[in-house]
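Structural description and commentary
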Amino acid sequence: MPTLVMKFGGTSVANMDRIRRVAKRIGVEVAKGYDVIVILSAMSGKTNELVGWVEETAPIYDAREYDAVVSSGENVTAGLMALTLDAMDVPARSWQGWQVPVQTTSVHSAARINDISTENINAKFAEGMKVAVVAGFQGISEEGRITTLGRGGSDTTAVAFTAAFGAERCDIYTDVDGVYTTDPRITDKARKLDKIAFEEMLELASLGAKVLQTRSVELAMRFKVRLRVLSSFEEQTENSGTLVCDEEEIMEDNVVAGVACQRDEAKITLISVADRPGIAAAIFVPLSKAGVNVDMIVQNISEEGRTDMTFSCPVDHVARAESAIAEIKSSGEINFRDLIIDKDVAKVSVVGIGMRSHTGVAAQMFEVLHKEGINIKVITTSEIKISVLVDRKYMELAVQALHDAFELDKAG
Ligand code: ADP
Ligand code: ASP
Ligand code: MG
């Protein structure tokens, strides 16, 4: 039997009605002759609630127990979906990560999948099971503890299962009908793309477009998984949704493919650091050890042996960053005059493989922001993206203005 992987996000399984609706959708694929592996998220809002409970119990918690608690939302939807399918006479069984098993690293709350066993599930397919309903986002470490794959991790579970089982394709069902030129919640001019290149999707995802988890795109690219993003609320045709594919398959040639944004960023500046070889390592190694996810880094020109060092990180890493910096300062390893923390910034990025061969995109971006009176605080670039930090209150305006200026509402 050909195998198909279908993943449904939190809003698609938010209540019993939606679970029944999704079960019918799965039944359609079973009727076509597929063995189906369904990957589910927790009901929408559930994971946030579980995270909230953990944080309420202990501000600095043991990540092993965080995973034990936070993985549970997916267990509920998987079991309910198997029951619903069975009631519709579609033979189904639910699987938690450890039962498959999905072997992961031991990096709790951000584990990576090392291996997925196909044996147990295939044995059940051979016995006549039609649908394996798998709890997404979770696995088991070598030590035998439950792990989770980072927020949005069910996408990665789905792509990894597609590769492991050699499934025909991976369909990601969500609350939008595909990948858009920007988050459709920010501008109604956002345009659905029929296709997007893996590399562009990878950048958009890592720069804040949460429609796919970054790691899922990485895996799809590496294992050549046929990956589609679709709406779970609309009828599907052959050309529905967005196909994530190789750039050679794409006809459009917009220089900029999309605009992404990340709302909850912070900017930290160490003023007047004594400049010497090794200063960056002295700051950023301890930050990394403290689990601070440092993103942009800018070091100013040194004057009279002193310099300013600025970096950005997620707002919820600021406390950790502050205490790591205090520690290195008190140990005498670094010496600076002042620490300035700005918790009200957001990152806005434009992405497109066309930038490899077109110059002037950065200049145009800066001009657009200038016209809107938006001050740029930090800039970083790579071959196919330009990112800026701006005051958070201007994030939506910046996205809308850039979307207009690069005419992303029109196919190129
Ligand atoms: P799910 O619960 O199904 O995993 P997510 O909330 O994780 O869904 O991802 C879908 C959301 O991603 C959409 O509702 C949309 O607001 C957001 N999003 C951000 N950027 C984009 C984009 N470029 N295209 C489509 N959706 C986007
Ligand atoms: N439920 C998890 C989250 O909200 C995983 C997922 O939905 O992909 O992050
Ligand atoms: Mg998601």
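Above this note sits the structure.
Residues numbered from 1 in each chain as written. Chains lettered and ligands numbered in written order. Predicted model: local features only at pLDDT ≥ 70, side-chain atom pairs only at ≥ 80, totals over all residues. Heavy atoms only, no water.

A separate point is the pairing of strand 17 (residues 378-382). Pairing analysis gives five bridges linking strand 17 to strand 18 (residues 385-391), with the strands arranged antiparallel. Paired with Thr 380 across the strands is Ser 387, a residue of strand 18. Taking the residues that link successive antiparallel strands as the turn, the strand 17-strand 18 hairpin has two residues. (Pairing = 2+ DSSP bridges. Helix = DSSP H or I, 4+ residues; strand = E, 2+ residues; numbered from the N terminus.)

Inspection of the secondary structure assignment puts Ile 196 in strand 10 (residues 195-197). Put simply, Ile 196 and Ala 164 are 32 residues apart on the chain and 24 Å apart in space, counted from C-alpha to C-alpha. In this structure Ile 196 touches Val 179, Met 201, Leu 204, Thr 242, Leu 243, Val 244, Cys 245 and Ile 250, once residues within four positions along its chain are discounted. (Contact = heavy atoms within 4.5 Å.)

Our next topic: the nonpolar core. Within the largest apolar cluster, 42 residues are counted, with the highest numbers of intra-cluster contacts made by Ile 121, Phe 161 and Met 201. Once residues lying within four places of it in the same chain are set aside, the contact partners of Ile 121 are Trp 95, Val 100, Met 129, Ala 132, Val 134, Phe 161 and Phe 165. Core analysis: the next-biggest nonpolar cluster, separate from the first, contains 24 residues, Val 36, Leu 85, Val 131 and Val 133 among them. (Core = buried A, V, L, I, M, F, W, Y, C linked by side-chain atoms within 4.5 Å. Buried < 20%, exposed > 50% of the residue type's maximum accessible area, 1.4 Å probe, protein only.)

So, about the site of ligand 1. Taken together, the neighbourhood of ligand 1 is formed by 16 residues, with Thr 174, Asp 175, Tyr 180, Asp 183 and Arg 185 sitting nearest. Between an oxygen atom of ligand 1 and a side-chain N or O atom of Thr 174, the distance comes to 2.7 Å. In the environment of ligand 1, an oxygen atom lies 3.3 Å from a nitrogen or oxygen atom belonging to the side chain of Lys 210. In the complex, the protein chains occlude 89% of the 580 Å² of accessible area that ligand 1 would expose alone. Residues belonging to the shell around ligand 1 are distributed by class as follows: six nonpolar, five polar and five charged. (Near = heavy atom within 4 Å. Polar contact = N/O pair within 3.5 Å; in protein donor to acceptor, adjacent residues only side chain to side chain. Areas by Shrake-Rupley, 256 points an atom, 1.4 Å probe, with all protein chains shown as cover. Nonpolar A, V, L, I, M, F, W, Y, C, P; charged D, E, K, R; others polar.)

The next point concerns the pairing of strand 2 (residues 35-40). Counting buried positions along strand 2 gives six out of six residues, so the element sits mostly inside the fold. In the sheet, strand 1 (residues 3-8) pairs with strand 2 via six bridges, with the strands oriented parallel. Among the inter-strand pairings, Phe 8 is bridged to a residue of strand 2, identified as Leu 40. Crossover handedness for the path strand 1 to helix 1 (residues 16-31) to strand 2: right-handed. Bridge count for strand 2 against strand 6 (residues 131-135) is five bridges, and the pairing is parallel. The residue of strand 6 that forms the bridge with Ile 37 is Ala 132. (Right-handed = clockwise from strand over helix to strand, strands pointing away.)

Quick look at unusual backbone geometry now. The phi torsion of most residues other than glycine is negative, and most of the peptide bonds are trans. For the peptide bond that leads from Val 100 to Pro 101, omega is -15°, which places it in the cis range. On the secondary structure map, Pro 101 appears in the loop between strand 3 (92-95) and strand 4 (102-104). At Phe 137, a position not held by glycine, the phi torsion is positive, near 80°. By secondary structure assignment, the location of Phe 137 is in the loop between strand 6 and strand 7 (138-140). For Phe 137, a relative accessible area of 4% puts it in the buried group. Positive phi, close to 55°, is recorded for Ser 272, a residue that is not glycine. Of note, Ser 272 is situated in strand 13 (residues 258-274). For Ser 272, a relative accessible area of 11% gives the class buried.

At their nearest, the axes of helix 9 (residues 279-289) and helix 10 (residues 318-330) sit 9 Å apart, and the two run at 135° to each other. With respect to their mutual orientation, helix 9 and helix 10 come out oblique. Regarding helix 9 and helix 10, the two cross each other, and that crossing is right-handed. Contacts between helix 9 and helix 10 pair Ala 282, Ile 283, Pro 286 and Leu 287 from the former with Ala 321, Ala 324, Ile 325 and Ile 328 from the latter. When the residues that make up the contact of helix 9 with helix 10 are grouped by side-chain class, the tally is eight nonpolar, no polar and no charged. (Axes fitted to C-alpha atoms, helices over the stretch in contact; angles between N-to-C directions. Parallel < 35°, antiparallel > 145°, perpendicular 65-115°, else oblique. Left-handed = near helix turned anticlockwise from the far one by under 90°.)

Before going further, it helps to examine the sheet that holds strand 6. Taken in spatial order, the eight strands of this open sheet run 3-6-2-1-9-11-12-10, and their pairing is mixed. Only two strands of the sheet have a single neighbouring strand rather than two, namely strand 3 and strand 10. On average, each strand axis in the sheet is tilted by 20° relative to the strand beside it, whichever way the strands run. Relative to strand 6, strand 3 is paired through four bridges, and the arrangement is parallel. Bridge assignment links Ala 92 to a residue of strand 6, and that residue is Val 131. The strands that helix 6 (residues 154-165) touches are strand 1, strand 2, strand 6, strand 9 (170-174) and strand 11 (227-231); relative to strand 2, the one it contacts most, it runs at about 155°.

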